[in-house]
Amino acid sequence: MDTFTPPKNVSKICCIGAGYVGGPTMAVIADNCPDLKVTIVDVNKERIDAWNSKNLKNLPVFEPGLENIIERTRGKNLFFSSNVHYEIQIADIIFLCVNTPTKSNGLGAGKASDLKWIEICAREISTYAKGNTIVVEKSTVPVKTAEVLKNILNTKSNDKFFSVLSNPEFLAEGSAINDLQNPDRVLIGGEDQNSIKILSQIYSKWVDKNKIITTNVWSSELSKLSANAFLAQRISSINSISAICEKTGADIKEVSKSIGTDKRIGEKFLRSGPGFGGSCFQKDLLNLIYLCDFYNLPEVSQYWEGVIQINNWQKQRISRLVVEKLFGTLNGKKIAILGFAFKANTNDTRESPSIFICNDLLEEGANLHIHDPQVQETQIIQEFKDHSFNNPNKEGYGSWEFSKDIDKVIKDANAAIIVTEWDEYSSINWQEKEKIMSKPSWLFDTRLVSNSKSLEKTNITYWRLGNKINEDKNY
Ligand code: UDX
Ligand code: ADP
């Protein structure tokens, strides 16, 4: 590290990975730093073509506000390319925004992150980069990844030098552009103070200097895991309370509001739902648990394990309730699934509660009709495949189809389940829908977005998460 002299005039940024993190993050950097040339590269050519597509509706990532930024910057100082090696070669700063899923086999399977893609990138950078390059890890990675990176990068020749910084991403999908434009903080961890200064200067083009926190590498990496673990823990906490509400007659929304007014607790992240999904929370919790096990801290490990257990239980208890309320069997029954994305305002389906709820219902023989305004059918096929779900050859396994038409999905359904909090579901007129549903009709609202006034005027029996069930309907 002593030998590292940062590039004199930083003008070219390369981002490896054109996904949910790389795409929006680089778009916002390019938008705020017109003097920088930002190029996002990816081995997935189809994805690069989609980012370059003329029709902005075909961008591979759906994020409110993203299209406008792409329109302003693409072809000016933001570029998408498949020429990975060339862009690495000419870059002053390289951001790593590649995928780091949980390992499915080998040592640490089911807990540790698979650093295969990070490692491949490190090898490519060490081969193709020239001169002095700052490498920034942005993907969610386990603690000590920067060390792995440094070891690989510094093995090649003595005419190229690297400085590794950790600059974790805190954006939440669905609000990514706003989160990037107005972050609570920007965290930069590293050893080389000059490199830290260069990266800070880029962010300071639009972020208040007081919000740029610099730390050592390990603090930065651990802060990212801890932040996500704390957020996930809040969701499991409120979800555990939702079950008590259903037994006692308390209303989870009222409880959330009441406890959230305590400034020490705060009002955010207290929405009870079908359990957290997304690519980060479970992965980061598992990383933390792996770290605890590695350092022989079983009590700490079990503590965080509990957050995942409650999350799995929440998903399961919803599917069990649906089966129970529909007279113990779903065989041949049509069920409308409203929402497949893991949250509203994104087309991302990774770890979506919908995947697991759908599979449980399919296992019971249900005939699912799935709707989502942004998700494509191919993603659902892929998710079921990735989880080894949807086994039509298994005896009693149900069937599913997908439609973008809410009416078609709800028509003749015995029950509808709201799994994602899309706006279009809160404005559903249930008096209208009742006419086309099969009787007796059920609505299960796991996101508390349905219009209860409209529902009260119907004969639909409805269950709202964290509320006592309303079963006094007369048919
Ligand atoms: C999360 C972190 O928020 C972000 O800082 C990090 O960079 C990546 O991981 P993301 O997964 O995109 O972001 O979305 P988030 O809004 O955190 O939601 C995660 C899951 O929790 C979703 O399934 C969401 O529906 C659920 N959730 C969130 C709740 O159930 N209740 C809440 O109150 C908030
Ligand atoms: P995230 O949510 O972290 O952005 P994504 O899966 O959406 O994750 O995006 C990661 C992207 O990184 C994918 O498009 C993948 O093709 C790309 N990628 C992974 N490894 C490499 C690599 N060695 N070179 C270039 N791109 C890569």
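About the thresholds
- Residues numbered from 1 in each chain as written.
- Chains lettered and ligands numbered in written order.
- Predicted model: local features only at pLDDT ≥ 70, side-chain atom pairs only at ≥ 80, totals over all residues.
- Heavy atoms only, no water.
- Helix = DSSP H or I, 4+ residues; strand = E, 2+ residues; numbered from the N terminus.
- Contact = heavy atoms within 4.5 Å.
- Near = heavy atom within 4 Å.
- Polar contact = N/O pair within 3.5 Å; in protein donor to acceptor, adjacent residues only side chain to side chain.
- Areas by Shrake-Rupley, 256 points an atom, 1.4 Å probe, with all protein chains shown as cover.
- Core = buried A, V, L, I, M, F, W, Y, C linked by side-chain atoms within 4.5 Å.
- Buried < 20%, exposed > 50% of the residue type's maximum accessible area, 1.4 Å probe, protein only.
- 1 Å grid on protein atoms, 1.4 Å probe; cavity = no way out; pocket = protein on both sides within 12 Å on 5 of 7 lines; lining within 4 Å.
- Points joined across faces, edges and corners; volume = space filled by probe spheres on them.
- Nonpolar A, V, L, I, M, F, W, Y, C, P; charged D, E, K, R; others polar.
- Pairing = 2+ DSSP bridges.
- Axes fitted to C-alpha atoms, helices over the stretch in contact; angles between N-to-C directions.
- Salt bridge = Lys/Arg side-chain N within 4 Å of Asp/Glu carboxyl O.

1. Considering the environment of S301
Link 1 in the chain: Position of S301 among the secondary structure elements: in helix α12 (residues 298–325).
Link 2 in the chain: Excluding its chain neighbours within four sequence positions, the residues that come into contact with S301 are I289, C292 and D293.

2. Digging into the site of ligand 2
Link 1 in the chain: Around ligand 2 sit 16 residues in total, of which Y20, V21, D42, R47 and R350 are the nearest.
Link 2 in the chain: Within the contact set of ligand 2, an oxygen atom lies 2.9 Å away from a backbone nitrogen or oxygen of V21.
Link 3 in the chain: Between ligand 2 and D42 there is a distance of 2.6 Å, counted from an oxygen atom to a side-chain nitrogen or oxygen.
Link 4 in the chain: Look at ligand 2: alone it shows 580 Å² of surface, and the protein chains cover 90% of it.

3. Quick notes on the nonpolar core
Link 1 in the chain: The biggest cluster of nonpolar side chains holds 55 residues, and the ones touching the most others in it are I335, I337, L338, L361, L368, I370 and W430.
Link 2 in the chain: Residues contacting W430, with those up to four places away along its chain left out, are L338, I410, A416, I418, M437, L443, S450, S454, L455, T458 and I460.
Link 3 in the chain: By size, the runner-up hydrophobic cluster in this structure holds 44 residues, among which are A27, L36, F80 and L180.

4. With respect to empty space enclosed by the protein
Where empty space is left becomes clear once a probe the size of a water molecule has been rolled over the atoms.
Link 1 in the chain: Per the counting criterion, the structure on display carries two cavities of 30 Å³ or more.
Link 2 in the chain: Taken as a whole, the largest cavity encloses approximately 60 Å³ of empty space.
Link 3 in the chain: E137, K138, S139, T140, V141, S166, P168, S220, E221 and K224 are the residues that line the largest cavity.
Link 4 in the chain: When residues in the lining of the largest cavity are grouped by element, the largest group, three residues, is from helix α9 (residues 217–248).
Link 5 in the chain: Grouping the constituent residues of the lining of the largest cavity by class yields two nonpolar, four polar and four charged.
Link 6 in the chain: Its volume calculated, the second largest cavity comes out at about 30 Å³.
Link 7 in the chain: In terms of lining, the second largest cavity is formed by K12, I13, C14, K37, T39, E87, I90 and A91.
Link 8 in the chain: When residues of the lining of the second largest cavity are traced back to their parent elements, those giving at least two are β1 (12–16), β2 (37–41) and α4 (84–90).
Link 9 in the chain: When residues in the lining of the second largest cavity are grouped by element, the largest group, three residues, is from β1.
Link 10 in the chain: Partitioning the lining of the second largest cavity into residue classes produces four nonpolar, one polar and three charged.

5. Observations concerning the site of ligand 1
Link 1 in the chain: Close to ligand 1 lie 19 residues; F170, E173, R271, K343 and R447 are nearest.
Link 2 in the chain: E169 has a polar backbone atom sitting 3.0 Å from an oxygen atom of ligand 1.
Link 3 in the chain: Contact with the protein chains removes 94% of the 660 Å² of surface that ligand 1 exposes when unbound.
Link 4 in the chain: With four residues, the top contributor of residues to the shell around ligand 1 is α9.
Link 5 in the chain: Along the lines of polarity and charge, the residues of the shell around ligand 1 split into 11 nonpolar, two polar and six charged.

6. A word on the sheet that holds strand β9 (residues 334–338)
The strands that make up a sheet are held in pairs by hydrogen bonds between backbone atoms, and each pair lies either parallel or antiparallel.
Link 1 in the chain: Ordered in space as β11-β10-β9-β12-β13-β14, the six strands form an open sheet in which the pairing is parallel. The sheet is open, and its two borders are formed by β11 (399–403) and β14 (461–464), each paired with just one other strand. For this sheet, the mean angle separating the axes of adjacent strands, direction not counted, is 15 degrees.
Link 2 in the chain: Here strand β13 (residues 442–445) runs beside β14; their pairing, made up of four bridges, is parallel. Opposite L443, over in β14, you have Y462 as the bridge partner.
Link 3 in the chain: Against the sheet, α12 contacts β9, β12 (415–418), β13 and β14, and its axis sits at roughly 165 degrees relative to β13.
Link 4 in the chain: Set on the sheet, helix α14 (residues 377–386) makes contact with β10 (367–371) and β11; between it and β11 the angle comes to about 150 degrees.

7. Overview of the pairing of β1
Link 1 in the chain: Judged by how many residues are buried, β1 sits mostly within the fold: four of five residues are covered.
Link 2 in the chain: Of the pairings in the sheet, the one linking β1 to strand β4 (residues 93–96) comprises four bridges and is parallel in character. By the bridge assignment for β4, C14 is matched with I94.

8. Remarks on the pattern of salt bridges
Link 1 in the chain: Going through the model one piece at a time under the given rule, you end up with 18 salt bridges.
Link 2 in the chain: A salt bridge links D262 to R264; its shortest N-O distance comes to 2.9 Å.
Link 3 in the chain: Of the residues examined, R264 reaches a relative accessible area of 77% and is grouped as exposed.
Link 4 in the chain: One salt-bridge network, in which partners are shared between bridges, spans E173, D348 and R350.

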